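Residue-level listing of the chains:
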Amino acid sequence: METLYRSTRETASHTMTSSQAVLQGLTPDGGLFVPFELPQANFDFDQLATMSYPEVAYEVLKLFFTDYTDAELHACIDAAYGDQFDDPAIVPVTKHGEQYYLELFHGPTIAFKDLALQILPHLMTTAAKKNHLDRDVVILTATSGDTGKAAMAGFADVEQTKIIVFYPKDGVSAIQKQQMVTQVGDNTYVVAINGNFDEAQTKVKELLNDSQLHAELANHQFQFSSANSINIGRLFPQVAYYVYAYAQLIHQGQIKNGASVNFSVPTGNFGDILAGYYAKQLGTPIHKLICASNRNNVLTDFFNTGTYDKNRQFYLTSSPSMDILVSSNLERLVFYLTGSDPVATKRLMTDLQTNGSYTISPAMRANLTDFWAGFVTEKQDQAAIHHLYDAHHYAIDPHTAVATAVADQYRQATRDERPMVIVSTASPYKFPHAVLTAITGAPVTVDGLSAVDQLHALIETPIPATVEALRTAPVRHKRVTDPAAMGTTIKSILNLN
Ligand SMILES: *Cc1c(COP(=O)(O)O)cnc(C)c1O
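Residues numbered from 1 in each chain as written. Predicted model: local features only at pLDDT ≥ 70, side-chain atom pairs only at ≥ 80, totals over all residues. Heavy atoms only, no water.

Side note on the overall build of the chain
When helices and strands are tallied, the chain shows 23 helices and 15 strands. Against the globule reference of 23 Å for 497 residues, the chain gives a C-alpha radius of gyration of 21 Å, in line with a compact fold. When the backbone C-alpha atoms are referred to their principal axes, the chain occupies close to 60 × 50 × 45 Å. Buried positions account for 61% of the 497 residues belonging to the chain. Put simply, of all contacts in the chain between residues at least 6 apart along the chain, 76% involve residues at least 24 apart. If you sum the accessible surface of the chain, you get close to 18,400 Å²; carbon and sulfur atoms cover 48% of it. (Helix = DSSP H or I, 4+ residues; strand = E, 2+ residues; numbered from the N terminus. Rg over C-alpha atoms; globule rule 2.2 N^0.38 Å. Buried < 20%, exposed > 50% of the residue type's maximum accessible area, 1.4 Å probe, protein only. Contact = heavy atoms within 4.5 Å. Areas by Shrake-Rupley, 256 points an atom, 1.4 Å probe, with all protein chains shown as cover.)

Shown next, in the form of structure tokens:
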């Protein structure tokens, strides 16, 4: 069965193949691509339990990327999930105390976005060849810290591509900033923004929809695409690790095939947890997907009240990749909640654009039973890091700690004792200052690589090679701009003037 794609906002008059949707990123009407019909999976989990991560990824990806040949898909998967991960399992599932940790931080940028962004460039360049595209693809990305770096790590020196990344100047960790400004690759461009992530993301979306800019690009043999988590080439590869994690629990003898489990997901743009939702739709026995937020708890309120309202204070927290007021991927869930009604979805998204808020109907709310939502304060986040380290000598980063703490809230509220998988989205070495502070309970005066060393002395887990490399990497990117000037910056980078 071929899986074709349509927009969340338009009555399905035209559909695209998966490779066309990968190239396009966003739909022409500003909506997001969703499969016209959900593929039929029929997973055999006893068999999946014997498979490696690349093998499971193939079983999942072939459902979504149906116009790629088997050979093309295998080539993309092999290029993405190999030696650049420092654990042979790629995404090991470990147990600490009573819960499981799905460690998604063993890739080149030590955060979960590598799982999607190591494969996206290959899906994209393969798509370009399949569709006889002779223009260079320009990737435009706003990042709250991890996306941009992970995207550049994936796209660096990939032929026929350029990548331009905007990040909030004061909204990322010291290590994240260092990773960003030292990025190698002649086709990579990094720009700091005098503003927050939402301003950068809103502007990027606007530019991606700017028809005049598109025309100027086309004149110079360029075409925009997006590496943000709205691209199906990022979203669907993430489904694979939910399927793999479930199969691994069987393989490790922790559960019987068919038993249902919960996943707690530290959530920002709603891409990761949405992949879990798809995994469930495809038949993975998931009971609840727990949407875990930090103080920027717009999603918690959405799930608990039915109103999404971004008109609220924005906080900078120790989990910056979740400091988000507009979760782009939520539009796809909203689309499903309406019963796949593009008119209703568009109306709600227009409300969001004009009023900054929308309220779903009682009928739509009744469809939210796959989810449970909660949020934590900074204090609770630190306590979660502290307690886990104290009890089990396992250090987690502040994002993973959000999921850990909200999973505890869930268990207390519901008494549900099903196995709980915490989706671990970053290495503690990515946020050494916050992790040290939480574990020691004392003020930490060092940051960056000195904090890495201090954390290493304490927890003794090996320092990832990519962090070691930062010690000597020269700064290559110094651009700073205002959100309003982002368009001009892009033109100057691409020499359009
Ligand atoms: C991006 C990110 C998240 C949030 O994931 P979404 O798909 O945006 O919800 C959580 N933790 C870390 C470390 C991240 O980089």
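From this point on, the discussion continues.
Topic: the UniProt feature "domain: Tryptophan synthase beta chain-like PALP" (unreviewed entry) in the chain
UniProt annotation of "domain: Tryptophan synthase beta chain-like PALP" (unreviewed entry) refers to residues 103-425 when read in the numbering used here. The span residues 103-425 carries 46% helix and 18% strand; its end-to-end C-alpha distance comes to 7 Å. (UniProt positions renumbered as here; feature names shortened; annotations may be inferred.)

Structural notes on empty space enclosed by the protein
Considering all chains together, one arrives at four cavities of 30 Å³ or more under this definition. Each pocket or cavity is described by its volume, and for the largest cavity that value is around 270 Å³. The element contributing the most residues to the lining of the largest cavity is helix α13 (residues 271-281), with three residues. A per-class count over the lining of the largest cavity returns ten nonpolar, 13 polar and four charged. (1 Å grid on protein atoms, 1.4 Å probe; cavity = no way out; pocket = protein on both sides within 12 Å on 5 of 7 lines; lining within 4 Å. Points joined across faces, edges and corners; volume = space filled by probe spheres on them. Nonpolar A, V, L, I, M, F, W, Y, C, P; charged D, E, K, R; others polar.)

Describing the pattern of salt bridges
The full count for this structure, using the stated rule, is eleven salt bridges. Of the charged contacts, one joins E216 and K491 as a salt bridge, the two residues approaching to 3.6 Å between their closest N and O atoms. With E216 in helix α10 (residues 211-219) and K491 in helix α23 (residues 486-493), this residue pair connects regions lying 275 residues apart in the sequence. The class of K491 is partly exposed, set by a relative accessible area of 24%. A single salt-bridge network, built from bridges that share partners, covers D453, E468 and R471. (Salt bridge = Lys/Arg side-chain N within 4 Å of Asp/Glu carboxyl O.)

Notes on the site of the ligand
The full set close to the ligand counts 15 residues, and K113, D146, G268, N269 and T425 are the nearest of them. One of the side-chain nitrogen or oxygen atoms of S321 is found 3.4 Å away from an oxygen atom of the ligand. Notes on the ligand: free accessible area 380 Å², of which the protein chains cover 98%. Among the detected pockets, the ligand sits in the largest cavity. (Near = heavy atom within 4 Å. Polar contact = N/O pair within 3.5 Å; in protein donor to acceptor, adjacent residues only side chain to side chain. Sits in = over half its atoms within 2 Å of the grid points.)

Quick notes on the packing of aromatic side chains
For the structure on display, the rule yields 26 aromatic pairs. Seen in terms of ring centroids, F64 and Y278 are 6.2 Å apart; in terms of plane orientation they differ by 85 degrees. Their pairing is edge-to-face. Pair noted here: F64 is in helix α3 (residues 53-64) and Y278 is in helix α13, with a separation of 214 residues, a long-range link. Y278 shares its class with F64; the two are buried. Seen in terms of ring centroids, F302 and Y308 are 6.0 Å apart; in terms of plane orientation they differ by 65 degrees. Their pairing is edge-to-face. Residue F302 shares its accessibility class with Y308, and that shared class is buried. Positioned above the aromatic ring of Y68 is the side chain of K130, whose terminal nitrogen or guanidinium carbon lies 5.7 Å from the ring centre. The ring of Y315 has R295 lying over it, and the distance from NZ or CZ to the ring centre is 3.6 Å. (Phe/Tyr/Trp six-rings, centres within 6.5 Å; stacked < 30°, edge-to-face > 60°. Lys NZ or Arg CZ within 6 Å of the ring centre and 35° of its normal.)

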